[in-house]
Amino acid sequence: MSCEQALVFDGVTVRYGPDTAPVLADVAFSLAARERAALVGLNGSGKTTLLMAAVGLIGHEGGIRVCGTPVAKRTAAEVRGKVGFLFNVPEDQLLFPKVIEDAAFGLLRRGEARTEAYRRAAEALGDFGVGRLAEWPLHNLSHGQKQRVALAGALVTKPPLLLLDEPSAGLDPPGRLALARLLDRLDAAMLVATHDLDFAVRFCHRFIALDAGRIVYDGGDASTVRRTWGMEE
Ligand SMILES: Nc1ncnc2c1ncn2[C@@H]1O[C@H](COP(=O)(O)OP(=O)(O)OP(=O)(O)O)[C@@H](O)[C@H]1O
Ligand SMILES: [Mg+2]
């Protein structure tokens, strides 16, 4: 599955309460097919909120489209089918007792036969260096291992759009490098919230910076991003 405009935000505002100040204000950008952007900004600037709004997990004013589909309650299933989503905390998306069941879930939900789903899930776990843990109970895994299983589950269906919230968090340095290389090989469009610019520059050429819920930079100059958002010593 491909799509010309993978993600469009058209004047999007998000509030967590009816009378509270917006945490995203008039956000507008679009991501073409196969385009990759890092989403940067200080703690509390709105990165996680933006990713959650993009798949309809948080309500919004304005327009959001995923591969042409408007994000709304009635389109939730269609939108989720086009997106590989990595939550900020792996426990939020690992729902099954055993690793392989979790990694295969996205494929089974699409109606893939069990044998084929498990074969592909095992392959995805292998890609993230946790193939040997396929039969393990999830609660026996370390944080970084859970992160790897969650990544395998997000990518297993090969969706045209990936929305990843701090994917390198908790990974060891070789794991971080392997993930950057793996993402760099994919055809999917991706928006990756991260504080890890050394990681992001390996596969992103566009940087979208949020400050207090507004886009304050959208361009390809990594050194500006480093200087302005304190991403260097
Ligand atoms: N459930 C919630 N209810 C009310 N306010 C919230 C809620 N979740 C987040 N916020 C507020 O929204 C703003 C943006 O938070 P968000 O988690 O999107 O930031 P972030 O850029 O992802 O930060 P970090 O770098 O720490 O992950 C913050 O001011 C936060 O306090
Ligand atoms: Mg966040």
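Residues numbered from 1 in each chain as written. Chains lettered and ligands numbered in written order. Predicted model: local features only at pLDDT ≥ 70, side-chain atom pairs only at ≥ 80, totals over all residues.

Novice: Go over the overall build of the chain with me, naming the residues and quoting the values.
Specialist: Counting its regular elements, the chain contains eight helices and ten strands. Scaling as 2.2 N^0.38, a compact globule of 233 residues should have a C-alpha radius of gyration of about 17 Å, and the chain matches this with 17 Å. With the C-alpha coordinates aligned to their principal axes, the bounding extent of the chain is approximately 45 × 45 × 35 Å. Residues counted as buried form 42% of the 233 residues belonging to the chain. The long-range fraction of contacts in the chain, counting pairs at least 24 apart against all pairs at least 6 apart in sequence, stands at 65%. (Helix = DSSP H or I, 4+ residues; strand = E, 2+ residues; numbered from the N terminus. Rg over C-alpha atoms; globule rule 2.2 N^0.38 Å. Buried ≥ 20, exposed ≤ 12 C-beta atoms within 10 Å, placed from the backbone. Contact = placed C-beta atoms within 7 Å.)

Novice: Summarise the sheet that holds strand E2 (residues 24-32); cite the residues concerned and give the values.
Specialist: Strand order in the open sheet made by the four strands is E2-E1-E4-E5, with antiparallel pairing throughout. Sheet topology places E2 and strand E5 (69-70) at the edges, where each strand pairs with a single neighbour. For strand E4 (residues 61-66) and E5, the ladder comprises two bridges, and the chain directions are antiparallel. Across the sheet, Val-66 pairs through a bridge with Thr-69, a residue of E5. (Pairing = 2+ DSSP bridges.)

Novice: With reference to specific residues and values, describe the environment of Glu-116.
Specialist: Here Glu-116 lies in helix H4 (residues 114-127). Residues Glu-116 and Gly-213, spaced 97 residues apart in sequence, show a C-alpha to C-alpha distance of 42 Å.

Novice: So what's going on with the sheet that holds strand E8 (residues 189-193)? Residues and values would help.
Specialist: Read from one edge of the open sheet, six strands run E6-E7-E8-E3-E9-E10, paired in mixed fashion. Unpaired on one side and paired on the other, strand E6 (83-86) and strand E10 (214-219) mark the two borders of the sheet. Across this sheet, the average inter-strand angle for adjacent strands is 15°, counted without regard to direction. In this structure, E6 lies alongside strand E7 (residues 161-165), joined through four bridges in parallel fashion. By the bridge assignment for E7, Val-83 is matched with Leu-161. The sheet contacts of helix H5 (residues 143-155) involve E6 and E7, and relative to E6 the element is tilted by about 170°. (Axes fitted to C-alpha atoms, helices over the stretch in contact; angles between N-to-C directions.)

Novice: I'd like a rundown of helix H1 (residues 47-54), residues and numbers included.
Specialist: Counted residue by residue, H1 has six buried out of eight residues, so it is predominantly covered. With its phi angle positive at about 80°, Gly-56 sits one or two positions after the end of H1.

Novice: Describe the pairing of E7, naming the residues involved and giving the relevant values.
Specialist: Burial of E7 is extensive: five of the five residues sit out of reach of the surface. Burial of E7 is two-sided: the residues Leu-161, Leu-163 and Asp-165 facing one way and the residues Leu-162 and Leu-164 facing the other way are all buried. The parallel pair E7 and E8 is bridged by helix H6 (residues 173-185), and the resulting crossover is right-handed. (Right-handed = clockwise from strand over helix to strand, strands pointing away.)

Novice: Describe the environment of Ser-45, and please don't skip the residues or the numbers.
Specialist: Among the structural elements, Ser-45 can be located in the loop between strand E3 (36-40) and H1. Setting aside anything within four residues of it in sequence, one finds Ser-45 in contact with Leu-210, Asp-211, Ala-212 and Gly-213.

Novice: Mind laying out the site of ligand 1, listing which residues take part and the relevant values?
Specialist: All residues adjacent to ligand 1 are Tyr-16, Val-23, Gly-41, Asn-43, Gly-44, Ser-45, Gly-46, Lys-47, Thr-48 and Thr-49. Looking at the shell around ligand 1 residue by residue, the classes come out as two nonpolar, seven polar and one charged. (Near = placed C-beta within 6 Å. Nonpolar A, V, L, I, M, F, W, Y, C, P; charged D, E, K, R; others polar.)

Novice: Can you lay out the packing of helix H3 (residues 99-109) against H5 for me, pointing to particular residues and giving the numbers?
Specialist: Axis separation between H3 and H5 bottoms out at 6 Å; the angle between their running directions is 25°. It follows from the interaxial angle that H3 and H5 lie roughly parallel. Every residue of H5 that contacts H3 at Val-99, Asp-102, Ala-103, Phe-105 and Gly-106 is listed here: Val-149, Ala-152 and Gly-153. Per-class residue counts for the contact of H3 with H5 are five nonpolar, two polar and one charged. (Parallel < 35°, antiparallel > 145°, perpendicular 65-115°, else oblique.)

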